[in-house]
Amino acid sequence: MASLVVEGVTVAFGADLALDGVGLTAEPGRVTGLIGPNGAGKSTLFDVVSGLRRPSSGRVVLGGRDVTRMGPARRARHGLARTFQRLEPFGRLSVRDNLLVAAELGPERRRAASAVAAILDRLDLTEIADSAAGTLPTGAGRLVEVGRALATRPRLLLLDEPAAGQDGEETARFAALLRSLADEGTAVVLVEHDMGLVMGVCDEVHVLDLGKVIASGPPDAIRRDEAVLAAYLGDA
Ligand SMILES: Nc1ncnc2c1ncn2[C@@H]1O[C@H](COP(=O)(O)OP(=O)(O)OP(=O)(O)O)[C@@H](O)[C@H]1O
C-alpha cells in the first residue's frame, strides 16, 4: 500500500493557485523526489501533506487512511515526520536534547535515550551531541533536523531541501543515508534543488511547475522530458 496518496489537491492564495489539482504517490522503500522551479508549490504541498495547510479541494491519504481533516500532531502520530527549508532547531538545547524531545513523543519513548544515541551515531553527530543546536553551521544543522524527524521513527519522511548548505562530501553521505532509510522500508519524499542528489538517489521523481505536476517517472525519463526541460529553462 502507498504510504502517501495525494489526490486533486488545490491551494489558492488570493487569486493565485499555488497548487492546482496535484496528484502523486510515495511508496514505502522508495525515495521519491519532488522537484520544480522556485515557486512551483513544493513547500506548499509539504504543508498540505503534513497538515499545516488545508487544501481548498482534494485529499491526502496516509497509509490508506484519509487524513485531509486531521491536524499535524495526529498525522505525526500516524507516522509522518518532516523537516523545514528554514532551520528551526530548539537553538539553546543541545543536539541530543533536540532529538530526545522528538523521541519522547513517539513510539520510541520508553527507550528514547538509546534510540537517540543510535541516530546520533548514524548521522555522525555524536561528537557534537552536547553542542547547542543553534550554534551549528548549516550543514550540521540540517542533519539535526533530519535526526529530530528520525527520532519519531517515521514511516513517511518529508525532507525540504535537506542538502542546502552541505558540501559535496556531506551530500554524498546524505545520499547513502536516504538510500538506507528507504531500504529499511521508510517512504522518503525529497524536495531538493541539488539535481545530482535527486537524480542519483531517487527511485521516482515528480515535477511540479506553477502548481501542476508536469511529469512523473524514474530519473532517466525525467531528465529527458521536454516539458521538464522547458520549465527549467524558462526559470533560468
Ligand atoms: N503564505 C503565502 N501567501 C501567499 N502566497 C504564498 C504563500 N506561500 C507560498 N505562496 C506562493 O505560492 C507559490 C508556491 O510557493 P512554494 O513556497 O510552495 O514554492 P516552492 O516550490 O517550495 O518554491 P522554492 O523552491 O522557492 O522553495 C509561490 O507563488 C509563492 O509565492
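Residues numbered from 1 in each chain as written. Predicted model: local features only at pLDDT ≥ 70, side-chain atom pairs only at ≥ 80, totals over all residues.

Looking at an unreviewed UniProt entry, one finds the protein named ABC transporter ATP-binding protein and attributed to Actinomadura chokoriensis.

## Here's the deal with the site of the ligand
Heads up, the rule is: Being near a molecule or strand means, for a residue, that its backbone-placed C-beta atom lies within 6 Å of it. Nonpolar residues are Ala, Val, Leu, Ile, Met, Phe, Trp, Tyr, Cys and Pro. Charged residues are Asp, Glu, Lys and Arg, and all others, Gly as well, are polar.
Residues in close proximity to the ligand include Phe13, Ala18, Gly36, Asn38, Gly39, Ala40, Gly41, Lys42, Ser43, Thr44 and Gln85, which together make up its full environment. Of the residues belonging to the shell around the ligand, the class tally is 3 nonpolar, 7 polar and 1 charged.

## Considerations on the environment of Ala227
Selection criterion: Only DSSP runs of H or I reaching four residues or more are called helices, and only runs of E reaching two or more are called strands; each is numbered from the N terminus. We call two residues in contact whenever the C-beta atoms placed from their backbones are within 7 Å.
As for its position among the elements, Ala227 is in helix α9 (residues 226-235). Separated by 156 residues in the primary sequence, Ala227 and Gly71 have C-alpha atoms spaced 35 Å apart. Sequence-distant contacts of Ala227, that is, excluding residues within four places in its chain, are made with Ile214 and Ala215.

## Notes on the nonpolar core
Quick reminder of the rule: By definition, a nonpolar core groups buried Ala, Val, Leu, Ile, Met, Phe, Trp, Tyr and Cys residues that are joined through C-beta atoms within 7 Å. Buried means a residue has 20 or more other C-beta atoms within 10 Å of its own C-beta, exposed means 12 or fewer, and partly exposed covers the counts in between; C-beta atoms are placed from the backbone.
The biggest cluster of nonpolar side chains holds 64 residues, and the ones touching the most others in it are Leu178, Val188, Val189 and Leu190. Setting aside residues no more than four positions away along its own chain, Val189 makes contact with Leu4, Ala26, Thr32, Leu34, Leu158 and Leu159.

## Looking at the sheet that holds strand β10 (residues 212-217)
The following threshold applies: DSSP bridges decide pairing: two strands pair if at least two such bridges lie between them. Only the stretch in contact is used when fitting a helix axis, every axis being a line fitted to C-alpha atoms; angles between N-to-C directions are given from 0 to 180 degrees.
The 6 strands lie next to each other as β6-β7-β8-β3-β9-β10, forming an open sheet whose pairing is mixed. Bordering the open sheet on either side are β6 (80-82) and β10, each of which pairs with just one other strand. On average, each strand axis in the sheet is tilted by 15 degrees relative to the strand beside it, whichever way the strands run. Direction of pairing for strand β3 (residues 31-35) relative to strand β8 (residues 187-191): parallel, over a ladder of 4 bridges. For Val31, the partnering residue across the bridge sits in β8 and is Val188. Lying on the sheet, helix α1 (residues 42-50) is in contact with β3, β6, β7 (156-160), β8 and β9 (204-209); it crosses β7 at an angle near 150 degrees.

## Describing the pairing of β8
Two faces belong to every sheet, and in a regular strand the side chains alternate between them. Rules: The crossover handedness rule: strands pointing away from the viewer, path from first strand over the helix to second strand clockwise, crossover right-handed.
Burial runs high along β8: 5 of the 5 residues are buried. Direction of pairing for β7 relative to β8: parallel, over a ladder of 5 bridges. The residue bridging Asp160 from the neighbouring strand is Val191, located in β8. After leaving β7, the chain enters helix α6 (residues 168-183) and then returns to the sheet as β8, a path that is right-handed.

## With respect to the packing of helix α3 (residues 95-103) against helix α4 (residues 112-122)
Put simply, the rule is: Each angle receives one of four descriptions, namely roughly parallel if under 35 degrees, roughly antiparallel if over 145, roughly perpendicular if within 65 to 115, and oblique otherwise. Crossing handedness: left-handed means the near helix sits turned counterclockwise from the far one by under a right angle, and right-handed means the same turn made clockwise.
Put simply, α3 and α4 touch, their axes get as near as 9 Å, and they point 130 degrees apart. Taken together, the axis directions place α3 and α4 in an arrangement best described as oblique. For the crossing formed where α3 meets α4, the hand is right-handed. Where α3 abuts α4, its residues Arg96, Leu99, Leu100 and Ala103 lie against Ala112, Ala115, Val116, Ile119 and Leu120. Residue classes in the contact of α3 with α4 are distributed as 8 nonpolar, no polar and 1 charged.

## Describing the environment of Ala113
Considering the arrangement of structural elements, one finds Ala113 in helix α4. Once the C-alpha coordinates of Ala113 and Asp167 are considered, the two residues, 54 residues apart in sequence, prove to be 30 Å apart.

## A short note on α3
Heads up, the rule is: The directions from the helix axis to the C-beta atoms are what the arc is built from.
Buried residues of α3: Val95, Arg96, Asn98, Leu99, Ala102 and Ala103, and no others. When α3 is viewed along its axis, its buried side chains cluster within an angular range of 160 degrees and face the same direction. On the buried face of α3, the contacting elements are α4 and α5 (138-150).

## Details of the sheet that holds strand β5 (residues 65-66)
Overall, antiparallel pairing links the 4 strands, which are arranged β2-β1-β4-β5 in an open sheet. Every other strand in the sheet has two partners, leaving β2 (16-26) and β5 as the edge strands with one partner each. Bridge analysis of strand β1 (residues 4-13) against strand β4 (residues 57-62) gives 5 bridges, and the strand direction is antiparallel. Looking at β4, one finds that Val5 is bridged to Val61. Of the strands in this sheet, β1, β2 and β4 touch α1, which is tilted by about 120 degrees from β1.

## Describing the packing of α3 against α5
Across the interface, α3 lies against α5 with an axial gap of 7 Å and an inter-helix angle of 30 degrees. As the angle between them shows, α3 and α5 are arranged roughly parallel. The hand of the α3/α5 crossing is right-handed. Contacts between α3 and α5 involve Val95, Asn98, Leu99 and Ala102 from the first element and Val144, Gly147 and Arg148 from the second.

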